[in-house]
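For reference, the chains in residue letters:
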Amino acid sequence: VQLVESGGGLVQPGGSLRLSCAASGFTFSRYDMSWYRQAPGKGRELVAFIAANGGSTNYPNSVKGRFTISKDNAKNTVYLQMNSLKLEDTAVYYCSCIPRGYWGQGTQVTVSS
């Protein structure tokens, strides 16, 4: 089983990034997927959830209206589109299949001027 994130990097405040998470080794289409983040010195925080068929999503207030999660079951990939990025969005971002306990290795997102 692998979850491999990509797309992180350095971006200025107000900018955008699109994270990808490629899944393999399990039946991706059957499972809900999530994105989490962990900033230095803080706990891991849920930032986006999507149901197995992509029909339902959920976000905390801190990112609602700025982040969009999507799921392509044909490509076994989940995405996180992040717009209007803020300094406080700086963190390592992880994709996860919580029902199976799978986590990716994380990708660093740094928002800085």
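Before any of the text, the structure's been laid out above.
Here's what I pulled together on the structure shown here.

Quick notes on the rules
Residues numbered from 1 in each chain as written. Predicted model: local features only at pLDDT ≥ 70, side-chain atom pairs only at ≥ 80, totals over all residues. Heavy atoms only, no water. Pairing = 2+ DSSP bridges. Helix = DSSP H or I, 4+ residues; strand = E, 2+ residues; numbered from the N terminus. Disulfide = S-S within 2.5 Å. Buried < 20%, exposed > 50% of the residue type's maximum accessible area, 1.4 Å probe, protein only. Contact = heavy atoms within 4.5 Å. Axes fitted to C-alpha atoms, helices over the stretch in contact; angles between N-to-C directions.

**Description of the pairing of strand β3 (residues 17–24)**
Examined bridge by bridge, strand β1 (residues 2–6) and β3 share five bridges and lie antiparallel to one another. Bridging across to β3, Q2 finds its partner in S24. Where β3 and strand β8 (residues 77–82) come together, six bridges link them in antiparallel fashion. Along β8, the bridge assignment pairs L19 with L80.

**Re the state of the cysteines**
As used here, a disulfide is simply a covalent bond connecting the sulfur atoms of two cysteines. Evaluation of the coordinates by the stated rule reveals one disulfide. Bridging C21 to C95, the disulfide has an S-S length of 1.9 Å. Of this pair, C21 sits in strand β3 while C95 sits in strand β9 (residues 91–97), placing them 74 residues apart in sequence. Like C21, the residue C95 is buried in the burial classification. We note that C97 lacks a disulfide partner, and the nearest cysteine sulfur, in C95, lies 9.2 Å from it.

**A look at the side chain of S34**
The topology assignment puts S34 in strand β4 (residues 33–38). We classify S34 as buried; its relative accessible area is 5%. Setting aside anything within four residues of it in sequence, one finds S34 in contact with L46, A48, F49, Y94, C95, S96 and I98.

**What to know about the sheet that holds β3**
As summarised here, the arrangement of the four strands in space is β1-β3-β8-β7, forming an open sheet in which the pairing is antiparallel. On the outer flanks of this sheet lie β1 and β7 (67–72), each paired with one strand and no other. Across the sheet, the mean angle from the axis of one strand to that of its neighbour is 15°, orientation sign disregarded.

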